[in-house]
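The primary structure of each chain is shown beneath.
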Amino acid sequence: MGKALIIGAGGVASVCIHKCCQNPDVFEEICIASRTKSKCDALKEKLDGGKTKISTAQVNADNVDELIALINSFKPDVVINLALPYQDLTIMDACLATRVNYVDTANYEPLDTAKFEYKWQWAYRERFEQAGITALLGSGFDPGVTGVFSAYAMKHEFDEINYIDILDCNAGDHGYPFATNFNPEINIREVSAKGSYIEDGKWVETEPMEIKRVYNFPEIGEKDMYLLHHEELESLALNIKGIKRIRFFMTFGQSYLTHLKCLENVGMTSIEPIDFEGKKIVPLQFLKAVLPDPASLGPRTKGKTNIGCIFIGKKDGKDKTYYLYNVCDHEECYKEVGSQAVSYTTGVPAMIGAAMLLTGKWNKPGVHNIEEFDPDPFMEDLNKFGLPWKESYDPELVD
Ligand code: NDP
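Reference entry: report on the structure contained in this document. Remember, it's a predicted structure, so these values are computed and weren't measured experimentally. (Residues numbered from 1 in each chain as written. Predicted model: local features only at pLDDT ≥ 70, side-chain atom pairs only at ≥ 80, totals over all residues. Heavy atoms only, no water.)

### Some remarks on empty space enclosed by the protein
Okay, step 1: Using the criterion set out here, one finds 1 cavity of 30 Å³ or more in the structure.
Okay, step 2: Lining of the largest cavity is provided by Tyr 118, Leu 137, Gly 138, Pro 143, Gly 144, Thr 146, Gly 147, Glu 232, Ser 235, Asn 369, Ile 370 and Glu 371.
Okay, step 3: When residues of the lining of the largest cavity are traced back to their parent elements, those giving at least two are α7 (145-156) and α9 (232-239).
Okay, step 4: Partitioned by chemical class, the residues of the lining of the largest cavity number 4 nonpolar, 6 polar and 2 charged. (1 Å grid on protein atoms, 1.4 Å probe; cavity = no way out; pocket = protein on both sides within 12 Å on 5 of 7 lines; lining within 4 Å. Points joined across faces, edges and corners; volume = space filled by probe spheres on them. Helix = DSSP H or I, 4+ residues; strand = E, 2+ residues; numbered from the N terminus. Nonpolar A, V, L, I, M, F, W, Y, C, P; charged D, E, K, R; others polar.)

Right, here's the structure in full:
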């Protein structure tokens, strides 16, 4: 059906590429392009021989001209951005110049401020619309599936949704005292930032990890979880009808938090460059270099993830609660595609989002968050491609 250019060759890209190859009628041809070409070649070698034709390329995604040249030579129907959030705008610029659809899994953030917001990417709305191309923002799990779940709940279960709690539980154990499950720099920037949630149309800010709850997760059990700022809060508060409050919680174990606090206290999580032996280095980037590579956690991680949304609202004038979630097993993921569940739960929806654009099931020129599209075909594909969802009409609520 079409051609996809995949930028990045890390944990999430690897899963997405495996899944494109499991869906060859839609992904007839893919090109894997990243900064380190050997990683692209290794993925090609592993997956070559199936129906999907694979090529590879070297690209610096910070450079718009290089990206334009690559797009002009490969001529993809969609670009799937699985590099880092810092590359979102350069890749969007290249898509605009070549009139190609765009998909990502994380919103743009500038290197020098850990601030997650959509304003930079929403500023492209008119230009994408005029060019007749679609940018699908946030097609991972959270953001991503959480937005699809919200659109599905709105379409099928509610007249209005007043409260959403997004709960992200990773009960995986990789055996290291401290490691991050995806890019350490992005992960630590996210969790050491202030928390926030939206209530009555306004952001309420908290200290990092200030709000803690214990939740009994289906198929996992009781875990401590903490309120974080998360990017989908901003778009869901605008796109879902009737929202009074929306919060995001993520589970963390005590060992992770103790290590993080210590690293913070000694300055290792700072993104301010410092002078070191005559060279400027960013402490957080140095920390990334000494931590285990998230891709290496796959074979060691046991246990499950449970990510989902609890909705409270009204249907036919009556109060209603509804919980949609997915449970994913780290070892099963590793067996299937050679990655742990955190990369898996992001890479599968990235493939599905791109498939929605390639098949024309989703076609809305402009820049859109995922909950603005019809959730039904995406929900079907989640069941088909390894992330089956479950529902409950009587979930435990978060106070
Ligand atoms: P990794 O660090 O494993 O991979 C990132 C890849 O991007 C690497 O291959 C890296 O190349 C490449 N890259 C980085 N900079 C450039 C550049 N300038 N030009 C070309 N390639 C570049 O990260 P993950 O796979 O864990 O994460 C990928 C994305 O997914 C991130 O944006 C992350 O925020 C997002 N994410 C989203 C989630 C969601 O649920 N929505 C959950 C988890 C992650 P090299 O190999 O040379 O370093």
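The rest of the description comes next.
### A short note on the state of the cysteines
Okay, step 1: On inspection of all chains with the given rule, the structure shows 0 disulfides.
Okay, step 2: Take Cys 40: it sits in no disulfide, and the sulfur closest to it among the cysteines is that of Cys 31, at 7.9 Å.
Okay, step 3: Residue Cys 40 is classed as buried on the basis of its relative accessible area, which comes to 0%.
Okay, step 4: No disulfide involves Cys 309; its nearest neighbouring cysteine sulfur is the one of Cys 169, lying 14 Å away. (Disulfide = S-S within 2.5 Å. Buried < 20%, exposed > 50% of the residue type's maximum accessible area, 1.4 Å probe, protein only.)

### Things to note about unusual backbone geometry
Okay, step 1: Cis geometry is found at the peptide bond from Asp 142 to Pro 143, where omega equals 10°.
Okay, step 2: With respect to the element layout, Pro 143 can be found in the loop between β6 (134-137) and α7.
Okay, step 3: Here Arg 99, not a glycine, exhibits a phi torsion of approximately 55°, which is positive.
Okay, step 4: Assessed through its relative accessible area of 56%, Arg 99 is described here as exposed.
Okay, step 5: Despite not being glycine, Glu 277 shows a phi value in the positive range, around 45°.

### Concerning the packing of aromatic side chains
Okay, step 1: Within this structure, the stated rule accounts for 17 aromatic pairs.
Okay, step 2: Each ring, one from Tyr 215 and one from Tyr 323, has its centre 6.4 Å from the other, and the planes form 90°; the classification is edge-to-face. Linking Tyr 215 in strand β10 (residues 212-217) with Tyr 323 in strand β16 (residues 318-329), this pair joins segments that are 108 residues apart in sequence. As far as the burial class goes, Tyr 215 and Tyr 323 line up, both buried.
Okay, step 3: On the basis of an interplanar angle of 35° and a centroid distance of 5.0 Å, the ring pair of Tyr 322 and Tyr 393 is categorised as tilted. With a gap of 71 residues between them, Tyr 322 in strand β16 and Tyr 393 in the segment after β18 (389-392) connect regions that are remote in the sequence. (Phe/Tyr/Trp six-rings, centres within 6.5 Å; stacked < 30°, edge-to-face > 60°.)

### Overview of the pairing of strand β15 (residues 304-315)
Okay, step 1: Note that strand β7 (residues 160-170) and β15 share 10 bridges and pair antiparallel. Bridged to Asp 165 within β15 is Ile 310.
Okay, step 2: Across 12 bridges, β15 lies against β16 in antiparallel orientation. Opposite Gly 313, over in β16, you have Lys 320 as the bridge partner.
Okay, step 3: Counting the residues between successive antiparallel strands, the hairpin from β15 to β16 contains 2 residues, one of them, Asp 316, with a positive phi of roughly 50°. (Pairing = 2+ DSSP bridges.)

### Here's the deal with the pattern of salt bridges
Note that side chains of opposite charge can pair when their charged atoms are close.
Okay, step 1: Enumeration according to the criterion identifies 20 salt bridges in this entry.
Okay, step 2: The partner of Glu 29 in a salt bridge is Lys 53, and the shortest N-O contact between them spans 4.0 Å. In this pair, Glu 29 sits in strand β2 (residues 27-34) while Lys 53 sits in strand β3 (residues 53-58), placing the two residues 24 residues apart along the sequence.
Okay, step 3: The salt bridge involving Asp 374 is made with Lys 155; its shortest N-O contact spans 2.8 Å. With Asp 374 in the loop between β17 (366-369) and α14 (376-384) and Lys 155 in helix α7, the pair connects residues that are 219 residues apart, well separated along the chain.
Okay, step 4: Owing to a relative accessible area of 43%, Lys 155 belongs among the partly exposed residues under this scheme.
Okay, step 5: Through salt bridges with shared partners, a single ionic network connects Lys 155, Asp 374 and Asp 376. (Salt bridge = Lys/Arg side-chain N within 4 Å of Asp/Glu carboxyl O.)

### Description of the packing of helix α13 (residues 341-358) against α14
Okay, step 1: Across the interface, α13 lies against α14 with an axial gap of 10 Å and an inter-helix angle of 140°. It follows that α13 is oblique to α14 by the angle criterion. Crossing of α13 over α14 shows right-handed handedness. Residue-level inspection shows Pro 349, Ile 352, Gly 353 and Met 356 of α13 in contact with α14, the latter providing Pro 377, Phe 378, Asp 381 and Leu 382. (Axes fitted to C-alpha atoms, helices over the stretch in contact; angles between N-to-C directions. Parallel < 35°, antiparallel > 145°, perpendicular 65-115°, else oblique. Left-handed = near helix turned anticlockwise from the far one by under 90°. Contact = heavy atoms within 4.5 Å.)

### What about the sheet that holds strand β5 (residues 101-104)?
Okay, step 1: Spatial ordering of the open sheet is given by β3-β2-β1-β4-β5-β6-β17, a layout of 7 strands whose pairing is parallel. The open sheet terminates on both sides in strands that have one partner only, identified here as β3 and β17. On average, each strand axis in the sheet is inclined to that of its neighbour by 20°, with strand direction left out of account.
Okay, step 2: Where β2 lies against β3, 6 bridges are found, and the strand directions are parallel. Residue pairing for β3: Ile 32 is matched across the bridge by Thr 56.
Okay, step 3: This element, helix α1 (residues 11-21), spans β1 (2-7), β2, β3 and β4 (78-81) of the sheet and lies at about 165° to β2.

### Looking at α14
Okay, step 1: Of the residues making up α14, those classed as buried are Pro 377, Phe 378, Met 379, Asp 381 and Leu 382.
Okay, step 2: Check the buried side of α14 and you find it contacts α7, β16, α13 and β18.
Okay, step 3: A positive backbone phi angle near 105° is found at Gly 386, which sits one or two residues after α14.

That's the geometry; what it means functionally is another story.
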